[in-house]
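Summary of the model geometry
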Amino acid sequence: MVSGKGGTGKTTVAAALALAMATGGKRVLLVEVEGRQGIAQVFDTAPLPYEERRIAVAAGGGEVRALAVDSEAALLEYFEMFYRLGMAGRTLRRMGAIEFATTLAPGLRDVLLTGKAKECVTRTGADGRPAYDAVVLDAPPTGRLVTFLDVTKAMADLAKVGPIHGQAEGVNQLIHSPLTAVHLVTLLSDLPVTETLDTVAELERADIGTGAVVVNRMREQWLPDRSVTAAAGGRVDASRIRNGLSSAGLELAPAEIDGLVAETVEHAVAVAGETAALGRLDTEPDPPLSRLTLPNLLSGVDLGALYELAESLTEQGVRVEARR
Amino acid sequence: MSSSDTLEVDTLIDDPETRVIVCCGSGGVGKTTTSAALALRAAERGRQVVVLTIDPARRLAQALGVDELSNDPAPVPDAEGELAAMMLDMRRTFDEMVQGHAPPEKAQKIIENPFYQVISSSFSGTQEYMAMEKLGQLVAAGTWDLVVVDTPPSRSALDFLDAPQRMSRFLDGRMIKLLAAPARAGGRGLRKIVEAGFGLFARAVSTIIGGQMLQDASAFVQAFDTLFGGFADRAEKTYALLRSPGTAFLVVAAPEPDALREAAYFTDRLSAEDMPLAGLVLNRTHPVLAPVSAARARAAAEQVGGPGSQIAAAVLRLHADRVELHQREEHLLTRFSAAHPSVSVVRVPALAGDIADLDGLRRVGGLLAEGAVRGAEEPGATSRAQGAS
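Residues numbered from 1 in each chain as written. Chains lettered and ligands numbered in written order. Predicted model: local features only at pLDDT ≥ 70, side-chain atom pairs only at ≥ 80, totals over all residues. Heavy atoms only, no water.

Attention shifts here to the nonpolar core. B:I21, B:L83, B:V98, B:L280, B:L361 and B:L368 are the most contacted members of the largest nonpolar core, which totals 102 residues. The residues touching B:V98, leaving out its near neighbours within four places in the chain, are B:A107, B:I110, B:I111, B:Y116, B:L227 and B:F231. Formed by 39 residues, the second largest nonpolar core is a distinct cluster that contains A:L19, A:A58, A:A310 and A:L313. (Core = buried A, V, L, I, M, F, W, Y, C linked by side-chain atoms within 4.5 Å. Buried < 20%, exposed > 50% of the residue type's maximum accessible area, 1.4 Å probe, protein only. Contact = heavy atoms within 4.5 Å.)

Okay, here's the thing in C-alpha cells:
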C-alpha cells in the first residue's frame, strides 16, 4: 500500500513502485480506489474501466496491470453474485441507490474496495500460483488511511452475518499479515513529515506494518553544506559571485546579480528546511524506518520519467521477495 | 508567455459592488491562505470584511484568532481596519439549521437520530453544503460589506457546486421511502422490473448493513420531511446569490498539471452555470530573477575559476534549475490560457516556509496585488532579495 499526505505524489510513487517491482519478468497489479483515474493520468492513457488491463511493460519482460476499483461497481458485483439483480442493478445505480447504500454505512465502501484488492492478492492462476507477484494499492491519503484500513471498525456498521461480513474478516487478516506493508510518501517539509510520523504511530497502534518512507521530489542541493545556513539567513557574498561569474565570461548588471542572490537565498531556505526534515526522519520513529528517495524532476513526470523513477527505486533495492 | 490579462486584485476588492469572493480550487493549492490574505488586504484598504475559512492549518488559524471552533465570526486581533474571521463547524451549522426550522422537541429528535449523525458528520457533501449555508447567513446578516469564502479541501473544486444537490437528493427521502417500503404492487414494464429489483435491493441492503440503520433512516426522513422545503429554498437562494453580479469567483491553483486541470474543469463549469469568474490565482510560482538561460548558466558553471568559483558554480546551477522549473510552470499556464483565453491571471511567487502570521498574509496580499508579470522578461524590476527571508 502506498499512502501519503495529499499533494506528495503518492500515485506517481505507487506507479513507479509497481514498475520497479515488475522488473525482471514479474507481474504486478496497480490498484486505485478513489475514483480519481490517477493511474490513467500518470501513464497518460484513457480512463481505466473496472477491469484489470495491462498498462505498462517493465524492464526485463515484466508487466504492470492496472485496476480502478469502483465501490459502486464492486457492490453491484456482490449483489449480482448473491442476489441476481440482473438489469435492475444498473438502473438502481443510475438512480443513486448504490451511492445511497454506501452512505448509510460508510464502512461498507471501504470494505468493498479493500475486499476487491484482497481478491486480487489471493487469486491463483490455473497452475495454482498466485496470479500476481505483487499488488500495489494506491491507498487514500494519510488523513483517511487508518479509517480505510480499519476493517473491524467498519464491520461494526454492518450486519453481523452475510457475505460481506465474511469478506471483511478475510481482508482484516490480510491487512494485519506480513504480506501487507504500508509505504508512506512524503516531501521534505514540515507538514508532510509531521503527518507521516503521526501516521506511523497510528498504524502501529492499529497493528499494521509500516514499510518504507519514500522521500519524494528531493531537491538537488548545489550550495556547499557550510554555506547553507548563512545563505538561508540572507548572507550571500554578491562580490564573490560576481568575480566567479566574470571568470567564466559572464558579466551581469548589479540588479541581475541581486536577482541571483535572491534565488540563492530562496534555494538555501528550502535546502535548510529539507535538511531539518531529513533530520527528523533520521531520529523518528526509533528505530527509524527504511527510506527511499526520489529526485525532483524539473520537467515534470511523463512516462519516460516514470521509468527513471522506477529504475531509481530498483537501484535502491526495491524488488519482489519470494512469497511463501 | 501566456497572452492572458493580469488579474487586478485591488480593483476587485476595492469595488464596493463586490460583495462576495469565493476562492475555489483543488486541495493543497493554498486556497485558505489566499482567502485570508485577500480578506486582510481588503479590510486594511477600508472594506468591512468577514472571512469564512474551512480547515486552516493550525498556525494560520491562530494568526486569525480562530484557533477554537466558534462558528461565529470574531474580530481578528491586530488587523487594521475591520476584519472578522471564523472557521466552519459543519456539525453545529447543521444543528442550528435544524433548530431554526423545527420546533424544539422535533429538532431534538432529529439531532439525536443516528442516521442524522452519519449525514451531518461524515457524508462527503455535508461540508460543502454547510459552507454554502454559512455563506448565506453571513451575507444576510448585513454586518459586513464583503464576505470572503474559502471552500472545503475536496479533491475536486467542482464538489463545492455539486455537493448541495447531492445532499438534497439524499434528504428528499425518495430513496429511503423506497428502501423502507419497497413492495408496491401493480407496476408495468420497466417500472415493474425496477421495483422488483428494488425489493431485492432493499433486502440485500438490509442483509448487509442491518435493519437498524434502515429504521433510523426511515424515522429521520419522516421527521425531516416537513423541514425539507425550507432547506431546499435556502439552498436555492444561496445558488442565486452565487450567480449575482456581486459575487466573484477566484480559481486558485498551483503550477502543477493536476491543479491546473481542476482549475480548467471549474472554469468551464462556472461559465456553463453563468457564475462570474474574476480570474485565476496561480500560487507558488518560481519567477526567474536574472536573465541568464539555463544552458548558459550550466555551461558557465563548468568554466568558473579563481576565488568565488565554488559559490558561483552553485549559484549558476541552482539558477539553471530554477529557469527550467519556471519554463515548465509557464508552459502549463500557457496551456491553460490557450484553452481559456478570457481568464485573467495573477501569479503569486512561492514564499519559503508556512504563512503563520498577519505579516505573512500581508506579504501574500502584496504579491497578489502586485500582479505585474514577474520573470526574466523584466530583469531588474525584481530586486526581491528580501522576498524569501
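Moving on to empty space enclosed by the protein. All names here are of chain B. Counting across every chain of the model gives five cavities of 30 Å³ or more. Taken as a whole, the second largest cavity spans an internal volume of roughly 50 Å³. Along its surface, the second largest cavity is lined by Y129, M132, E133, P164, R234, A235, T238 and Y239. Counting residues per element, the ones that place at least two in the lining of the second largest cavity are α7 (126-141) and α11 (211-243). No other element matches the four residues that α11 contributes to the lining of the second largest cavity. Tallied by class, residues from the lining of the second largest cavity come to five nonpolar, one polar and two charged. (1 Å grid on protein atoms, 1.4 Å probe; cavity = no way out; pocket = protein on both sides within 12 Å on 5 of 7 lines; lining within 4 Å. Points joined across faces, edges and corners; volume = space filled by probe spheres on them. Helix = DSSP H or I, 4+ residues; strand = E, 2+ residues; numbered from the N terminus. Nonpolar A, V, L, I, M, F, W, Y, C, P; charged D, E, K, R; others polar.)

All names here are of chain B. Applying the stated criterion to the full structure yields two aromatic pairs over all chains. Their ring planes at 75 degrees and their centres at 5.2 Å tell us that F94 and Y116 sit as a pair that is edge-to-face. Note that F94 is positioned in helix α4 (residues 90-101) and Y116 in helix α6 (residues 114-122), a separation of 22 residues in sequence. The pair formed by F94 and Y116 is uniform in burial state, with each residue classed as buried. (Phe/Tyr/Trp six-rings, centres within 6.5 Å; stacked < 30°, edge-to-face > 60°.)

In this section: α4(B). All names here are of chain B. With 12 residues, α4 extends 17 Å between its outermost C-alpha atoms, agreeing within 8% with the 16 Å of an ideal straight helix rising 1.5 Å per residue. Residues of α4 that are buried include every one of M90, T93, F94, D95, M97 and V98, and no others. The backbone nitrogen of R91 lies 3.3 Å from a side-chain oxygen of the residue at the head of α4, namely D89. (Expected span 1.5 Å × (residues − 1). Polar contact = N/O pair within 3.5 Å; in protein donor to acceptor, adjacent residues only side chain to side chain.)

What follows covers the layout of surface pockets. Residues and elements named next belong to chain A. When its volume is computed, the second largest pocket comes out at roughly 910 Å³. Around the second largest pocket sit 31 residues that line it, and M21, L179, T180, A181 and H183 are the ones nearest its centre. For the lining of the second largest pocket, a count of residues per class yields 20 nonpolar, five polar and six charged.

Residues and elements named next belong to chain A. Taken domain by domain, chain A comprises domain 1 (2-219 + 296-315) and domain 2 (223-286). At the junction of the two partners, domain 1 supplies 13 residues and domain 2 supplies 11 residues. Both sides of the domain 1 and domain 2 interface together cover about 990 Å² of buried area, and 71% of this is carbon and sulfur. On the domain 1 side of the interface with domain 2, the three residues burying the most area are L188, L197 and R219, jointly 60% of the side's total. If you look at where domain 1 meets domain 2, you find two salt bridges. Note that E274 and R219 form a salt bridge whose closest N and O atoms lie 3.3 Å from each other. With five residues, helix α10 (residues 190-205) is the single largest residue contributor to the side of domain 1 that touches domain 2. Considering only residue class, the side of domain 1 that touches domain 2 consists of seven nonpolar, three polar and three charged. (Domains from an automatic or database assignment. Buried area = accessible area lost by both parts, 1.4 Å probe. Salt bridge = Lys/Arg side-chain N within 4 Å of Asp/Glu carboxyl O.)

Attention now moves to unusual backbone geometry. Of the consecutive residues A:E284 and A:P285, the connecting peptide bond is found in the cis state with omega at -15 degrees. Note that the residue after A:D286, namely A:P287, is joined by a cis bond; omega there is -5 degrees. Non-glycine residue A:D44 carries a positive phi angle of around 55 degrees. Relative to the elements of secondary structure, A:D44 occurs in the loop between α2 (38-42) and β3 (53-57). By relative accessible area, which is 69% here, A:D44 ends up exposed. Although it is not a glycine, B:R284 adopts a positive phi angle of roughly 55 degrees. By secondary structure assignment, the location of B:R284 is in strand β7 (residues 277-285). With a relative accessible area of 39%, B:R284 lands in the partly exposed category.

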